[in-house]
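Coordinate analysis (summary)
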Amino acid sequence: MPAEFGGLSSLSVHAIEGDTVVFDALTDQGHLARFSAPNPLTGGATAVAAASQVHLTTLKDAADKPLRGANQIDSEGLAPTDTGFLISFERDHRLVELVKQGESYQSQKGPSLSGFDGLESNGGMEALTRLPNGQFIAAAEYGPDRLGDSAVKLKAPYWIFDQASKAMTAPLGTFENQGRFGITDIRVLDQEVWVLKRSYDPATKINLSRLETCSLSSVLAGKPICSLKLALSPPFPMDNYEGLAVMRDPKGGGNLVFILSDDNFSADQGTFLLAFRLDAPASPAALNPGATP
């Protein structure tokens, strides 16, 4: 496995090839990562991804130089475009467009956003996704850190913008966070916005995760109406989940949800990819316990 493979954030399904799903993700060391995993729709018959199934592409600046320094390489949000990818960065809050050219990508400046005043350097543009109409949503992990007003930090701003926009785009609204939870990834499926959130529990020393769905219409109106979809707790592997991908289950109905953890290149953490099938109708076996599965 490449030594740079880790610290993964954001997640996108690139292709489904029989018993294998191919994903794209980002490392916080300045790479676009493509890797394979067993396809849960076929029972996961394929072996867990080997090193030969991992490909890293170094992110570069507009001058074709590799990104350097923590403020430059901390890529967090990933959204496919018609010609490549759009990537969001925190610390140095910005959007970068990757345009596919042969086997590599050319970097160019993405749309310009405003409204980062007061956001923590490590709590900026954490999540990014594409809307069905071709626009994009970017969301911060937390709201501004203002002395004497702790409630503001629980209001994470989000932006909706066009890929070719050159004018500064201000936040449209805010997502409501609960407790220490902050947004780590966001995806849109049909008329729902799926939001992955994470919180570190200092008492138990573990990261907690929750998944919410919000009506797309309410998000477009600037006033998200959301509900809890999944609260992750043991016996599932508990870690720092920062990547989310959602797709329809073409075989059994419902939705297939993937979440991916960022191991921070720490020996005490792991890179976990979990798959959940949600909103599926009850199977015949569940309706009739005596039936043959």
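Just so we're clear, the structure is a prediction, and the values are computed from it rather than from any experiment. Position numbers for residues count from 1 along each chain, tracking the sequence in the order it is written. Given that this is a predicted model, residues contribute local features only at a pLDDT of at least 70 and side-chain atom pairs are listed and counted only at 80 or more, while totals for whole chains, interfaces and linings are drawn from all residues. Values shown for side chains rest on all heavy atoms present in the structure; no hydrogens or waters enter the calculation.

**Side note on the sheet that holds strand β9 (residues 125–130)**
As a reminder of what qualifies: At least two bridges found by DSSP between two strands are what make those strands a pair. To qualify as a helix, a DSSP run of H or I must reach at least 4 residues; to qualify as a strand, a run of E must reach at least 2; elements of each kind are numbered from the N terminus. Here an axis means a line fitted to C-alpha atoms, over the contact stretch when the element is a helix, while the angle between two N-to-C directions is reported on a 0 to 180 degree scale.
Read across the sheet, 4 strands follow the order β9-β10-β11-β12 without closing on themselves; strand pairing throughout is antiparallel. The open sheet is flanked by β9 and β12 (173–176), the only strands paired with a single partner. Between one strand axis and the next, the sheet turns by 25° as a mean value, whatever way the strands run. Two strands pair when backbone bridges link them, and strand β10 (residues 136–140) and strand β11 (residues 155–161) are joined in this way by 4 bridges, in the antiparallel orientation. In the strand pairing of β11, Ile-137 is matched with Ile-160.

**Points about the nonpolar core**
Across soluble globular proteins, you tend to see nonpolar side chains buried next to one another. Operational definition: In these notes, a set of buried Ala, Val, Leu, Ile, Met, Phe, Trp, Tyr and Cys residues joined through side-chain atoms within 4.5 Å is what counts as a nonpolar core. Whether a residue is buried, partly exposed or exposed follows from its accessible area with a 1.4 Å probe, protein chains only, as a fraction of its type maximum: under 20%, in between, or over 50%, in that order. In this analysis, two residues are considered to be in contact whenever any of their non-hydrogen atoms come within 4.5 Å of each other.
Formed by 17 residues in total, the largest nonpolar core has its most connected members in Phe-5, Leu-8, Leu-11, Phe-23, Phe-35 and Phe-258. Those elements giving two or more residues to this core turn out to be β1 (8–17), β2 (20–27), β3 (31–38), β17 (241–248) and β18 (255–261). The contacts of Phe-5, once residues within four sequence positions are left out, are Ala-33, Phe-35, Val-54, Leu-56 and Phe-265. Residues Ile-137, Ala-139, Val-195 and Cys-214 belong to the second largest nonpolar core, which totals 16 residues.

**A look at the pattern of salt bridges**
To keep it simple, the criterion reads: Salt-bridge detection follows one rule: a side-chain nitrogen of Lys or Arg within 4 Å of a carboxyl oxygen of Asp or Glu.
On inspection of all chains with the given rule, the structure shows 15 salt bridges. In this structure, Glu-141 engages Arg-198 in a salt bridge whose closest nitrogen and oxygen atoms are separated by 2.3 Å. In this pair, Glu-141 sits in the loop between β10 and β11 while Arg-198 sits in strand β14 (residues 192–201), placing the two residues 57 residues apart along the sequence. With respect to burial, Glu-141 and Arg-198 carry one shared label: buried. Residues participating in the shared-partner salt-bridge network are Glu-141, Arg-198 and Glu-242.

**Remarks on the sheet that holds strand β19 (residues 273–278)**
Taken in spatial order, the 3 strands of this open sheet run β17-β18-β19, and their pairing is antiparallel. The sheet terminates laterally at β17 and β19, the two strands that pair on one side only. Neighbouring strand axes in the sheet, compared pairwise and without regard to direction, differ in orientation by 20° on average. Both β17 and β18 contribute to a ladder of 7 bridges, which runs antiparallel. The residue of β18 that forms the bridge with Leu-244 is Ile-259.

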